[in-house]
Amino acid sequence: MGEKIQQFLKQKFPEISITAVADARNIVTLSGECESWQQLVDVGHAVAKLENVKNVVSDMTVRGMEIPGRDYEALAREGEKKGVLAEADVVIVGLGIVGCAIARELSKYDLKIVAIDMAEDVATGASKANNGGIHHAGGVKPGTLKAKLSVRGNRMYDQWAEELGFDFIRCGDLLYVEDEEDIDGLCEEFKIALKNGDYRPQLINGEQALEIEPKLADYGRKPVMGLWLPSQGRVHTYEVAVALIENAAMNGVQVIFQCNACGVYTEEGAVTGLLTDQGVIRTKYIINAAGVYADDISAMAGDRCFTIHPRRGTLAIIDKSKKPMFDHLTGRFISAAKQKRNPESKGGGMEFTPSQNILIGPSAVERPDKEDVETTAEELEFIMKINENPEVSERDIIRIFAGTRPADFSEDFVIGMSPIARRFINAAAIQSPGVGSTPAIAEMVEQIVLENAKQEGMEIERRADFNPIRKRPVRFAELSHEEQDALIQERPEYGRIICRCETITEGEILDAIHSLVVPASIDAIKRRTRAGMGRCQGGFCQAKVLEILARELGIKHTEVTLHGKGSNILTEENR
Amino acid sequence: MKELTIDVAVIGGGPAGMAAALEAERLGVKVALLERNFELGGILQQCIHDGFGLQRFGVSMAGSSYAQKFINEIEKAEMQVFLDTMVLEITEEKTIYACSSQEGMIRLQCGAIILAMGCRERTAGQILLYGHRPQGVMTAGSVQRYINMEGYLPGKKAVILGSGDIGLIMARRMVLEGIEVKGVYEVMSSPGGLTRNIVQCLEDFEIPLYLSHTVTRIRGKHHLEGVTVMKLDGERKPIPGTEKEIDCDLLVLAVGLIPENELSVQAGVEMDERTRGPLLDEDYMTSIPGIFAAGNVSLVFDLVDYVSQSGEIAAQGAVKYLQGKIDSNPEYEKVQYEGNVQFVVPQRIRKGEKEKEVVFFLRVKHPARRAELICTEKEQILVKKKLPTAAPPEMLSCQVKISPGQSPKVQIPETGNSEE
C-alpha cells in the first residue's frame, strides 16, 4: 500500500519527495519535506482520501520552518519528581466541551474519575472560540462518524439543556436560493440531510420560505426555493462545558487545572497510569479529549494513529444594539462549486448567539502552530464579506477572536479504544459539527468503557445517587423588577452591579466563585457570568472582578490572572 | 419595591450630574441623584493630576479636588442621594427602575430626568487590533484606575496607542511610577489630545509622539511581549516595509471615548450619529420631552468646566419643563453649520418661543489658524469670534442671543491656513 501511495504522490506533487508507510490498520505515516505548510496539509488530505486509507500520520517537515510543539520532556522531568498525585479509575485529559461531557457521562457510575486540563479553566481551546452551532446534518458527509453522531447528539440537546440549565435555542436553519442555478445544490443538501437521518428536513418553495421567515421580503430577497432544517440550534459552547463539569463535580469527579499530561504508563499493553507535570495519576482508563494536542497524547500511549493539523477560525462579535436580520438562522445557499472557500471546511456565516449577539465567521485557515489564535486583518476582511446585514459594519464589532479546530487528515472524528494500549480511548479530532455531536460522543465513550470493563471482568455499577440536574445559575438581568427586588432583599450582593454592560451582579460572581469548579481567573469569571463580555470588554468591571477574586480566593491582587499562569494583571504595588 | 415620587432625577453623580442636581435644587425643586459607585465624583476621582477648574473657578486643581467642591455642596443640600445604585431601566413615562444592595429595587416616578451617565473608552475590539489577546492590553482609564485608585502597576514597559488626553496624562503618570514609556502612536496626522497635555506630559518628559502610526500586531500568548507598529499613508493604511517591533508588556489604549447611552436608547431617545449622544435642543432636552442630557453622555467634552456648565443648562431646562414653560410637543428649527465644523450642540432649537441665550458647543474638523467662528441668521451676523488656533480636540463654544423665528447657522470659514 505504501508504495502505491508514494507513486500517487509523485504524480500529484512531483516537486517533492514523500515516503509513505502503511501499518496493518491502514494508517499511513508520511515523511519528507514539503515546500509550505499548506502543501503539507494538502498532501495529508490527498492521502487520507485514498481508498482504504484509514488515517494519516504526518512526520513531514516544511522547508525552512520549525513546526512548533510542546516540550513534554521538561514537563515529564517536573512530574517525575513529584510522586503520586491521585488514584483513579478514569482520567480524562482535556476539558473542552467533549472532555466535560465524558466526565459527566461517566460520573453516573461508581468510578473514581479525575479530569485534568492544561489551562486554568474548562473550555479554553476550541470550545471558547466557535460559533456554538448545534448543526443539522445537511452539510456532513454521509457514512462518517461525524454524520452519525451529529444527528444523534443534536436530538439529545433538549434533554441536556433541561437537566443542565444552559441556554439553548432551536432556531432552525433556513437555506434559500434566489438563482435557479443553485437549486440542484440545495436539493443535494436536502438529500444528504435525509440520508443522514436529520430531523424533518423540508424542501420548500419560495413562498413557504417567506412564510417561515417573512423578514426575507423586508431585505428584498426573492427565494425561489428553500431548505428548512428545523433541527439547527445554538448554544454558548463554553456555558455548556461549564454546566457539564459542574454537574460532573457534583457527582464526584475531581477536577485538576493547570495540569499537563506528559506520559502514559502501560503494563502488558494496558494503561496503568498517566504522568503529568503535577505528578503521577494511577488509573485504569485514560480518555484523550485533548483537542489540538490529542495526537501528542495518543503518541504517548504508543499509538500514533492520526495527526492534528490546526485550522484557525476567526470570529467577530457585534454589539447587542444591532439585532440579527432574521429570527431563524437564515442564509442564501450557494453551491459549493461557486464558493471560494477551504474545501475541507466551509466556515461559518451570519449567526447569532443565544444572548442575541450577532456573530460573524469563522474563517478557516491552516496554521502550523496549535496555539496560533492570532487575528489578522486579512481574516477579518474575509469574514466581514460574509456580513449581509446592512445595519452592521466593522464599527459595531466589540471583539474579534480566533480559535483552532483540531482537524485530522481524515476530517472525521477519531473515537475508539486503542488496539495498542488497551483502556486508552481517543475522543479526538472533534471539529464541526462537534458541539452538536458531543452528547453522542460522550455516550459512545461510555459504551466503549462499559464493554471493555465487561470483557476484562470488571464490574462497573451505576450510582444510585447520581444527580443529573445542575441548576441554572441566577441571571439577575433576566428577572422581573419584582423578582429582582425579592432577590436583593434576601441577598444584598445581588443589588450590586459589577458589569454594567451585561448587568451582572456581585451575587452572580460570588455564586460562580463558590461553585464546585472554581473559576479562578478573570476570563473564567467571564465565561461563568458574562461579566466583561459586553461592549466595554471589561474596561469598567475588570478591576472590580479582580478585587472580588482576590478577596474570595484569599490571594494577593498581583496573583490574579487574566487566563492562568503568566497572565497576571498587575505586576507590583506602586511607589 | 421602594416607591418614590420626585421632581427631577439625575442619573450619574459625576461632574455633569452633580452640577445638574445642585442647580435643580437651587431652583427649588425636589431632586434625587443616583450614582452607581460608592461615592460621588465619577471618573474625576481617579484624576489626581492638575488642570481642572481653570475656567470655572479660576484656579487649576486635581480632578478629585474639583469633584470634592461639588460633593461638599451636595452634602449641605437637601436632595436625596442614592449611592451604589444602578439604574436598570427608564421608561418613556419617566419611571426609573434602579437597584441597590441597601434598598433593593427602587421605582422612581419623575417629573423630569437628567441623563448624566458619562462616557466609556473605546476598546481593543472596537479599533480592530490584530494578533494575540494576552494580558497587558488595557484602556488608559483602566491603567489610571489601577495605578491611582488601587495602587498597583500593570506593567513595566509601555506603549501608548492614541494621543487622547487620558493617554497623555497616563504617559506622564507612568513615567513618574517608574514605567518605561516607549512612545505614543497616533493614527491621525494631528494629536488627539489638548496641546497643553502634549507639552506638559510628553515633551517635558521626552516621550516621543509618532503621528500617522498604528499598532498592527499584538504579540504574546499569555502576557504581552511586544507590538508591531507601522507608519500609515494618507488613507490611514499601513505602509509595507515600515514595520517596527517594540518590546513591551503594557499597551495602553487612548483611542477615544463613546457617550454611554444604553439607557437613553432603551428609553427611546433619538440619537445623533455624529456626537453619539442624544439629539438635543437649547435646554439640552432630548426627543422625549422631560428627559434631558448633560455632560459626556450628550457629547464628549474636553474640559470638565464645560461638563458642569452643561449640567446646569440641563437642570434649568428641567425646571422650566416642570413649570410647564416648555411645549410638550415642540416643533424644532435645525441648527445649520458649515465650513470647518464637525458638529454643533444643541443640534436644534424649539420654534416660536421668546428671545433666549443659547450656548453652542462645537469642534472643528481639522486644525486651523487665524480662523473665525461666526454665527449668522440669514445675512445678519449674531456673533463673531476670532480663533487664533483651533484643533479638533478642543471644544469651542459661543453664546448667542436668539429671537423667536430665527434659525441660526454656525460656521468657521476655511482659511487656507489649515495644518494638515
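What counts and how
Residues numbered from 1 in each chain as written. Chains lettered and ligands numbered in written order. Predicted model: local features only at pLDDT ≥ 70, side-chain atom pairs only at ≥ 80, totals over all residues. Helix = DSSP H or I, 4+ residues; strand = E, 2+ residues; numbered from the N terminus. Buried ≥ 20, exposed ≤ 12 C-beta atoms within 10 Å, placed from the backbone. Contact = placed C-beta atoms within 7 Å. Domains from an automatic or database assignment. Nonpolar A, V, L, I, M, F, W, Y, C, P; charged D, E, K, R; others polar. Pairing = 2+ DSSP bridges. Axes fitted to C-alpha atoms, helices over the stretch in contact; angles between N-to-C directions. Parallel < 35°, antiparallel > 145°, perpendicular 65-115°, else oblique. Left-handed = near helix turned anticlockwise from the far one by under 90°.

Student: Would you take a moment to explain the overall build of chain A for this structure?
Tutor: Counting its regular elements, chain A contains 16 helices and 29 strands. Taken over the C-alpha atoms alone, chain A extends approximately 75 × 65 × 55 Å along its principal axes. Here chain A, with 575 residues, has 54% of them falling under the buried criterion. When contacts within chain A are restricted to residue pairs at least 6 apart in sequence, those whose partners lie at least 24 apart make up 72%.

Student: Just checking my understanding: could you explain the domain arrangement of chain A for this structure?
Tutor: Think of interface size as the accessible area that goes away when the parts come together; that is how it is often given. What the domain assignment lists for chain A is domain 1 (2-62), domain 2 (74-127 + 238-308 + 411-455), domain 3 (311-402) and domain 4 (476-559). Placing a centre on the C-alpha atoms of domain 1 of chain A and another on those of domain 3 of chain A gives a separation of 32 Å.

Student: I would appreciate a short explanation of the interface of chain A and chain B in the present structure.
Tutor: Residue-level contacts link 47 residues of chain A with 43 residues of chain B. Considering each element in turn, the side of chain A that touches chain B owes the most residues, 6 residues, to helix α13 (residues 481-490) of chain A. In terms of residue class, the side of chain A that touches chain B is built from 16 nonpolar, 18 polar and 13 charged. Examined bridge by bridge, strand β29 (residues 572-573) of chain A and strand β9 (residues 152-153) of chain B share 2 bridges and lie antiparallel to one another. Bridge pairing links E573 of chain A to Y152 of chain B in β9 of chain B.

Student: It is not clear to me how the sheet that holds strand β26 (residues 396-402) of chain B should be interpreted in this structure. Could you clarify?
Tutor: What links the strands of a sheet is backbone hydrogen bonding, and the strands pair in either a parallel or an antiparallel sense. All names here are of chain B. With antiparallel pairing, the 3 strands of this open sheet are ordered in space as β21-β23-β26. Either end of the sheet is taken by a strand with one partner, and the two such strands are β21 (343-345) and β26. Pairs of neighbouring strands in the sheet enclose a mean axial angle of 30°, with direction left out of account. By the bridge criterion, 7 bridges tie strand β23 (residues 356-363) to β26 in an arrangement that is antiparallel.

Student: What's the story with the pairing of strand β24 (residues 368-377) of chain B in this structure? I'm lost.
Tutor: A regular strand places its side chains on the two faces of the sheet in alternate fashion. All names here are of chain B. Where β24 lies against strand β25 (residues 380-390), 9 bridges are found, and the strand directions are antiparallel. Of the residues in β25, the one forming a bridge with C375 is V383. Looking at chain direction, β24 and strand β27 (residues 408-412) are connected through 4 bridges and run antiparallel. Bridged to E377 within β27 is P408.

Student: Hey, could you run me through unusual backbone geometry in this one?
Tutor: Of all residues except glycine, most have a negative phi; of all peptide bonds, most are trans. Here the amide bond leading from G361 of chain A into P362 of chain A is cis, since omega sits at 0°, within 30 degrees of zero. With respect to the helices and strands, the residue P362 of chain A is situated in the loop between β22 (358-360) and β23 (365-366). Going from V345 of chain B to P346 of chain B, the amide bond is cis rather than trans, its omega being 0°. Following the sequence through the fold, P346 of chain B ends up in the loop between β21 and β22 (348-350). The phi torsion at Y284 of chain B lies on the positive side, around 60°, for a residue other than glycine. Tracing the backbone through its elements, the reader meets Y284 of chain B in the loop between α7 (262-267) and β18 (291-293). The exposure class of Y284 of chain B is buried, given the 30 C-beta atoms found within 10 Å. The phi dihedral of K378 of chain B is positive, around 50°, even though this residue is not glycine.

Student: I keep staring at the packing of helix α14 (residues 506-513) of chain A against helix α16 (residues 542-553) of chain A and nothing clicks. Help me out?
Tutor: Working note: a packed helix pair is described by the angle between its axes plus the distance between those axes. Residue and element names in this part refer to chain A. The interhelical angle for the contact between α14 and α16, taken along N-to-C directions, is 40°, at an axis separation of 11 Å. One way to sum up the angle between α14 and α16 is to call them oblique. For the crossing formed where α14 meets α16, the hand is right-handed. Across from E506, I509, L510 and I513 in α14, the residues of α16 making contact are V545, I548, L549 and E552. When the residues that make up the contact of α14 with α16 are grouped by side-chain class, the tally is 6 nonpolar, no polar and 2 charged.

Student: What should I look at first to understand the sheet that holds strand β8 (residues 133-134) of chain A in this one?
Tutor: Residue and element names in this part refer to chain A. In space, the 3 strands of this open sheet follow the order β8-β13-β9, with antiparallel pairing throughout. Every other strand in the sheet has two partners, leaving β8 and β9 (168-169) as the edge strands with one partner each. Pairing geometry for β8 and strand β13 (residues 233-235), over 2 bridges, is antiparallel. Across the sheet, the residue bridging to I134 is G233, located in β13.

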